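Fold and contact review
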Amino acid sequence: MAYKRFQNIVAESRATLPFFIALALAVCVKMGMVEQRLWVQTACLALSTYLMIELNNVNQLLRVYSRTVSAMFLLLSSVACFLYTDLQVSIITLCSVAMYVSLFHCYQLRMSSGWVFYGFLCVGLASLVFVQYLYFIPFLWAVMIFNLRTMRPRSLLASLLGVVTPYWFATAYLVYTGHPEWLLQHFEQLGEYAPLFDYSSVTEQQLLTFAYVALCALAGIIHYLRNGYADKIRTRMYFQIFVVMDLCALVFIVLQPQHYSLLMPFIIVNTSPLLAHFITLTHTWITNIAFYLLILVAFAIIAYHLWMPSFNFL
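A few points on the structure. The structure displayed is predicted, hence computed values, not measured ones.

Here's the deal with the overall build of the protein chain
- The number of helices and strands found in the protein chain is 13 helices and 0 strands.
- Taken from the N to the C terminus, the helices and strands of the protein chain come in the order α-α-α-α-α-α-α-α-α-α-α-α-α.
- In terms of overall dimensions, the protein chain is globule-like: its C-alpha atoms have a radius of gyration of 20 Å, near the 20 Å expected for 314 residues.
- Oriented by its inertia axes, the alpha-carbon framework of the protein chain measures out at about 60 × 60 × 35 Å.
- Burial statistics for the protein chain: of 314 residues in total, 51% are counted as buried.
- Within the protein chain, counting contacts between residues at least 6 apart in sequence, those at least 24 apart form 80% of the total.
- Only carbon and sulfur atoms are counted for the fraction: they give 70% of the accessible area of the protein chain, which is about 15,200 Å².
- Where the 15 positive side-chain charges of the protein chain centre and where its 11 negative ones centre are 22 Å apart.

Given below as structure tokens:
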């Protein structure tokens, strides 16, 4: 039996999730949850957290009892707390988690059209607020073929119907309100690209947060590629999906940083399970030190986001 270090005690403790819930709630209050009445954003965060718990429980992402997947989701969301006030970010976060919950039900399932439809319905809903989300569809089809092993003609049709369905309702509403041109303008954004690697509009807050989340993603990916063989085949398939989608989103944000705000929630959703796997299932003194550093740096970044803006007025 492997020696349990502090990181493993924290990962397997029943108090871990309540602690990070309290942390996220405190951050939300500080960001204006009550003053600005950000109830919808808070509800989306709460529902996303619940779905992350279900994603972990139903699919057994970790080999031991642990709430670290949802705890790391709350931690990374708190690190990117300046995005909390943006309703679009909340919608993309919720849709991304719901998409995985639905699609993971399809693993090697012959009659999976219903779950595929629901999963891609979430993709369509997310694309209503961030049309570039549609770029991920080919990669989702690829993981359906190679990882979920559920791609069939019916599944393909269900995925297309799922993406299109929100636009049927949106088109009816736009025609009713007399603004059908919005739909054309919306899809025109798919062909609009800023110069590559143009970071002129990236703030210090955004850069600091991206560096931290990307470091967590890299640590989780490297750890999983080295040690994922110990998981069940089904679990390996799921984590390979997180790795592929995380890398796609990271490359996307590096190439087109103007989409930073709407790509970060997707990156956080994919990074959380990878980081949780790293923290929960490693036992060396080096990873224990890394755990201390990750948590302390996260708290420092959160404090920087919450209190540095007020210092600018002194």
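Thoughts on the state of the cysteines
- Summed over all chains, the structure comprises 0 disulfides.
- Sulfur of C95: no disulfide; nearest cysteine sulfur belongs to C122 and is 5.5 Å away.
- The thiol sulfur of C106 is not disulfide-bonded, and the nearest other cysteine sulfur, from C122, lies at 11 Å.
- Under the relative-accessibility criterion, C106 is labelled buried at 0%.

A word on the pattern of salt bridges
- The full count for this structure, using the stated rule, is 2 salt bridges.
- When the shortest N-O distance is used, the salt bridge between D231 and R63 registers 2.6 Å. Of this pair, D231 sits in the loop between α10 (204-227) and α11 (233-255) while R63 sits in the loop between α3 (39-59) and α4 (68-79), and the two are 168 residues apart along the sequence.

Some words on the nonpolar core
- Ranked by size, the top nonpolar core spans 104 residues in total, and within it Y100 and Y212 carry the most contacts.
- Here this core takes 13 residues from helix α12 (residues 260-280), the largest share from any one element.
- Y100 has contacts with L55, I241, F242, M245, F266, V269 and N270, leaving out every residue within four places of it along the chain.

Looking at a nonpolar patch on the surface
- Together, L157, L161, V164, W168 and F169 give the surface a local cluster of nonpolar side chains, amounting to about 530 Å² of exposed area.
- With respect to the helices, strands and loops of the structure, F169 is situated in helix α8 (residues 153-177).

With respect to helix α7 (residues 137-146)
- Every buried residue of α7 is listed here: I137, L140, V143 and M144. Axial view of α7: buried residues confined to an arc of 120°, hence all on one face.
- Where the residues of α7 are buried, they touch α5 (87-103), α6 (113-129), α8 and α11.

Comments concerning the side chain of S102
- Of note, S102 is situated in helix α5.
- In contact with S102, not counting residues within four places along its chain, are W115, Y118 and G119.

A short note on the packing of α5 against α6
- Axis separation between α5 and α6 bottoms out at 8 Å; the angle between their running directions is 165°. With respect to α6, the axis of α5 lies roughly antiparallel. Crossing geometry of α5 relative to α6 is assigned as left-handed. Between α5 and α6, the residues in contact are Q88, I91, I92, C95, A98, M99, S102 and L103 and W115, V116, Y118, G119, F120, C122, V123, L125, A126 and V129, respectively.
- Among the residues making up the contact of α5 with α6, the classes are represented as 15 nonpolar, 3 polar and no charged.

Comments concerning unusual backbone geometry
- Despite not being glycine, Q60 shows a phi value in the positive range, around 50°.
- Within the secondary structure, Q60 is located in the loop between α3 and α4.
- The backbone of R149 shows a phi angle near 55°, a positive value even though the residue is not glycine.
- Residue position: R149 is located in the loop between α7 and α8.

Some details on the layout of surface pockets
- The volume enclosed by the largest pocket comes to roughly 160 Å³.
- Lining the largest pocket are I222, H223, R226, N227, F278, T282, T284, I286 and T287.
- Elements represented by at least two residues in the lining of the largest pocket include exactly α10 and α13 (285-311).
- If one sorts the elements of the lining of the largest pocket by residue count, α10 sits on top with 4 residues.
- A class-by-class count of the residues in the lining of the largest pocket yields 3 nonpolar, 5 polar and 1 charged.

Parameters at a glance
- Residues numbered from 1 in each chain as written.
- Predicted model: local features only at pLDDT ≥ 70, side-chain atom pairs only at ≥ 80, totals over all residues.
- Heavy atoms only, no water.
- Helix = DSSP H or I, 4+ residues; strand = E, 2+ residues; numbered from the N terminus.
- Rg over C-alpha atoms; globule rule 2.2 N^0.38 Å.
- Buried < 20%, exposed > 50% of the residue type's maximum accessible area, 1.4 Å probe, protein only.
- Contact = heavy atoms within 4.5 Å.
- Areas by Shrake-Rupley, 256 points an atom, 1.4 Å probe, with all protein chains shown as cover.
- Lys, Arg positive; Asp, Glu negative; His and termini not counted.
- Charge placed at Lys NZ, Arg CZ, Asp CG, Glu CD.
- Disulfide = S-S within 2.5 Å.
- Salt bridge = Lys/Arg side-chain N within 4 Å of Asp/Glu carboxyl O.
- Core = buried A, V, L, I, M, F, W, Y, C linked by side-chain atoms within 4.5 Å.
- Patch = residues over 30% accessible without salt bridge, like charges linked within 9 Å, V, L, I, M, F, W, Y side chains within 5 Å.
- Arc of directions from axis to C-beta.
- Axes fitted to C-alpha atoms, helices over the stretch in contact; angles between N-to-C directions.
- Parallel < 35°, antiparallel > 145°, perpendicular 65-115°, else oblique.
- Left-handed = near helix turned anticlockwise from the far one by under 90°.
- Nonpolar A, V, L, I, M, F, W, Y, C, P; charged D, E, K, R; others polar.
- 1 Å grid on protein atoms, 1.4 Å probe; cavity = no way out; pocket = protein on both sides within 12 Å on 5 of 7 lines; lining within 4 Å.
- Points joined across faces, edges and corners; volume = space filled by probe spheres on them.

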